[in-house]
Number of protein chains: 2
Amino acid sequence: MSTNSNTFFSIGIDIGGTNTDIGLVNANGVVIARSNLRTAQYFDAQLFVNDMVDVVRKLMLENNIEKITGIGIGAPCGNFHEGTIEDAKNLNFRGKTPLKKMIEAQLHVPIIVTNDANAAVYGEMIYGGAKGMKDVVMFTLGTGVGGGIIIAGKLLYGSDGFAGELGHATLVPFGRKCTCGNAGCLEMYASIRGIMQTCVELLEQFSENELAKIPREALGLKIIADAAYNGNAVAIETYRKTGEWLGIALANAVAFSSPEAIFLMGGIVKAGEILLKPTRESFAKHKLFIYKNDISVLTSQLNENDAAILGAASLVINKNQ
Amino acid sequence: MSTNSNTFFSIGIDIGGTNTDIGLVNANGVVIARSNLRTAQYFDAQLFVNDMVDVVRKLMLENNIEKITGIGIGAPCGNFHEGTIEDAKNLNFRGKTPLKKMIEAQLHVPIIVTNDANAAVYGEMIYGGAKGMKDVVMFTLGTGVGGGIIIAGKLLYGSDGFAGELGHATLVPFGRKCTCGNAGCLEMYASIRGIMQTCVELLEQFSENELAKIPREALGLKIIADAAYNGNAVAIETYRKTGEWLGIALANAVAFSSPEAIFLMGGIVKAGEILLKPTRESFAKHKLFIYKNDISVLTSQLNENDAAILGAASLVINKNQ
């Protein structure tokens, strides 16, 4: 598909539990205008969609854009096959919301709905550090853990539309109770919540540690990361264990789809080498010997503020490749 | 691709450590003639290939076949991208054997090399119980554990050619030592070896059990399965634990690729419901709630004696779909 940087624009929408970010993206992957809605204030999906469409029209009008390639939407529990959001626990409108159909009724452009981790990995391939790659796995490591998988240049959706739920693959059988109802999911070990729990468990053993003096409710991710860089043994061990667990999950992803590279993004990745070093060491240790190509463990190359919008907007780019 | 049952034939070759089975397969998926070589007697790959080509020519000549669609080969450590066998531990010719090139030098037909689990799942889709399906995962559960994954009707190879090494995904972090050098691989829990180890570990706790009277070296898979069906508590618990572990691995595969069905084949599956029931129960328990389609756990529908040849032969069928 030949493109001209001046000829096409797309809209990327990142629906989160608190805010929905809407951005107008040019062909070079630059967010040229943006706006947002307070998702949390909507208890009715139709009102939410109406306001979303208004914002899209306003962004186009203000920037003299008459035509867009399409709208890509990253949403919790977004189902690509059906264009729906289904039972998203952090949204106030419940059940199955036929998002694609509702928007199409007002705007006649291609609309693609998927979850935020799928949008993230596709954005990374179109605009970021995975440019030119065809087989990639992305782990989004924030409050929860998401996964996005690209196979031969295409997003993997699977028969149900929900492929890549890597945060809910069991990492530790009969391990920590997960919010999904299972136990031992990766999400309970390699997320913000997982790190907090690991740290608290360690502090129960090492009650003399400096971090034990901080009230539990005040103990946060940044405090633990800073403590680790300042040499606090419990904080370092927290990140070492997290990296060790995460490295196993990375090796398991390789055993599944044999990607060229694995990308990591999200809140816990900001800690940098204190997490990445033990992650890469554990990955190297657990990766099956048969994989001889160097499989890099990389962090997202997209600007943090733009990544979600770019990921969503990318969904309508080269989608037939 | 339109085919006529009288117009085309393919060759399927299943290379095992002991024997290599070579079969002529018609368009209806019937093995119409077969032969074999003693793999173990070959220490030189060229001699092995020469004899293999002779057998193919003989099978064609004896059945008045002038032309074949191609040759599909399932081999340990078979690499689809390179057409090679690499460092297969159960073969006497070591290093990298360029199997595809070596055969092409003598026979001018399309040749596809892959591992036996990939051949198995593809054969299941072309000729067996997965006919008409497009997203399937197969676990081959024998001495070791292999995996084959079909995504949108195509075998998943990945960038390295070795996607689907499901037997070496970590099931239990820091668990049983595996022959691959890692620990806790699925292969150490849901293979013949895994079942034996689980049974022996249980007998250490329940030394009064009938099975404890059998010398360890005489204790085999069939004895344990028979004992389970006769109500032996340790044997039943052996299969229950195996099924519980296997069910977690199945749920993890669903979290990855969201298949329509999962197929099981291989030595340990012969035990039937004593294994399948706890496997399905554990799978249902561990499968993430988001997957609403019924994902069946099925056993291979191919005749056991023909399955490997049919799987290999299928590789050259509809390969461009």
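Anything mentioned here points back to the structure above.
Source: prediction; values computed, not measured.

Draft legend 1. Representation of the overall build of chain A. Within chain A, the secondary structure is distributed over 8 helices and 13 strands. For 321 residues, the compact-globule estimate of 2.2 N^0.38 gives 20 Å, and chain A sits close to it at 20 Å. Oriented by its inertia axes, the alpha-carbon framework of chain A measures out at about 65 × 45 × 35 Å. Burial analysis of chain A (321 residues in total) assigns 61% to the buried set.

Draft legend 2. Region of interest: the interface of chain A and chain B. Contacts between the two partners involve 46 residues from chain A, matched on the other side by 46 residues from chain B. Carbon and sulfur atoms supply 60% of the area buried between chain A and chain B, which totals about 4,100 Å² over both sides. Area buried by chain A at its contact with chain B is led by A:Ser159, A:Asp160 and A:Phe256, which between them contribute 18% of it. Along the contact surface separating chain A from chain B lie 4 salt bridges. Among the salt bridges present, the one from A:Lys292 reaches B:Asp87, with a minimum N-O distance of 3.4 Å. For the pair chain A and chain B, the number of links is 24 residue pairs in polar contact (both at pLDDT 80 or more).

Draft legend 3. Focus on empty space enclosed by the protein. Enumeration according to the criterion identifies 1 cavity of 30 Å³ or more in this entry. In this structure, the largest cavity spans a volume of roughly 290 Å³. Lining the largest cavity are 22 residues, and of these A:Ala169, A:Asn252, B:Ala169, B:Asn252 and B:Phe256 lie nearest its centre. Listed by contribution, the elements that provide at least two residues to the lining of the largest cavity are α6 (233–257) of chain A together with α6 (233–257) of chain B. Of the residues that constitute the lining of the largest cavity, the class distribution is 18 nonpolar, 4 polar and no charged.

Draft legend 4. Structural view of the pairing of strand β4 (residues 71–74) of chain A. Residues and elements named next belong to chain A. Covered by surrounding structure in β4 are Ile71 and Ile73 together with Gly72 and Gly74, the residues of both alternating faces. Inspection of the sheet shows strand β1 (residues 9–15) paired to β4 by 4 bridges, in the parallel sense. By the bridge assignment for β4, Asp14 is matched with Gly74. As defined by bridge partners, β4 adjoins strand β8 (residues 111–114) across 4 bridges and the pair is classed as parallel. Bridge pairing in β8 links Gly74 to Thr114.

Draft legend 5. Up close: the sheet that holds strand β10 (residues 145–151) of chain B. Residue and element names in this part refer to chain B. The strand order across the open sheet built from 5 strands is β11-β10-β9-β12-β13, with neighbouring strands paired in mixed fashion. Here the strands that pair on one side only, and so sit at the sheet edges, are β11 (154–155) and β13 (296–299). Looking at chain direction, strand β12 (residues 261–265) and β13 are connected through 4 bridges and run parallel. From the neighbouring strand, Ile262 faces β13, where its bridge partner is Val297.

Draft legend 6. Seen up close, the packing of helix α5 (residues 221–229) of chain B against α6(B). Residue and element names in this part refer to chain B. Relative to each other, α5 and α6 sit at 105 degrees, their axes nearing to 7 Å. What the angle tells us is that α5 and α6 run roughly perpendicular. Every residue of α6 that contacts α5 at Leu221, Ile224, Ala225, Ala227 and Ala228 is listed here: Ala235, Ile236, Thr238 and Tyr239. Here the contact of α5 with α6 is composed, by residue class, of 8 nonpolar, 1 polar and no charged.

Draft legend 7. Highlighting the pattern of salt bridges. Residue and element names in this part refer to chain B. With the rule as written, the count across this model stands at 30 salt bridges over all chains. Residue Lys213 pairs with Glu210 through a salt bridge whose shortest N-O separation is 2.7 Å. Each member of the pair Lys213 and Glu210 is classed as exposed.

Draft legend 8. Quick look at the environment of B:Ile309. All names here are of chain B. Looking at the secondary structure, you find Ile309 in helix α8 (residues 307–314). A C-alpha to C-alpha distance of 20 Å links Ile309 and Glu104, two positions 205 residues apart in sequence. Aside from chain neighbours lying at most four places away, what touches Ile309 is Gly12, Asp21, Ile22, Gly23, Val25, Val31 and Arg34.

Draft legend 9. Main features of the relation of the copies chain A and chain B. Between the two copies, chain A and chain B, the superposition gives an RMSD of 0.1 Å; the rotation angle is 180 degrees and the shift along the axis is 0.0 Å. Taken together, these values place the two copies in the relation of a two-fold axis. Relative to the rotation axis, the C-alpha of A:Val172 is the closest in chain A, positioned 3.1 Å from it. In this assembly, 100% of the residues forming the interface of chain A have copies in chain B that are likewise at the interface, indicating an isologous arrangement.

Criteria and thresholds
Residues numbered from 1 in each chain as written. Chains lettered and ligands numbered in written order. Predicted model: local features only at pLDDT ≥ 70, side-chain atom pairs only at ≥ 80, totals over all residues. Heavy atoms only, no water. Helix = DSSP H or I, 4+ residues; strand = E, 2+ residues; numbered from the N terminus. Rg over C-alpha atoms; globule rule 2.2 N^0.38 Å. Buried < 20%, exposed > 50% of the residue type's maximum accessible area, 1.4 Å probe, protein only. Contact = heavy atoms within 4.5 Å. Buried area = accessible area lost by both parts, 1.4 Å probe. Salt bridge = Lys/Arg side-chain N within 4 Å of Asp/Glu carboxyl O. Polar contact = N/O pair within 3.5 Å; in protein donor to acceptor, adjacent residues only side chain to side chain. 1 Å grid on protein atoms, 1.4 Å probe; cavity = no way out; pocket = protein on both sides within 12 Å on 5 of 7 lines; lining within 4 Å. Points joined across faces, edges and corners; volume = space filled by probe spheres on them. Nonpolar A, V, L, I, M, F, W, Y, C, P; charged D, E, K, R; others polar. Pairing = 2+ DSSP bridges. Axes fitted to C-alpha atoms, helices over the stretch in contact; angles between N-to-C directions. Parallel < 35°, antiparallel > 145°, perpendicular 65-115°, else oblique. Least-squares fit on C-alpha atoms with pLDDT ≥ 70 in both.

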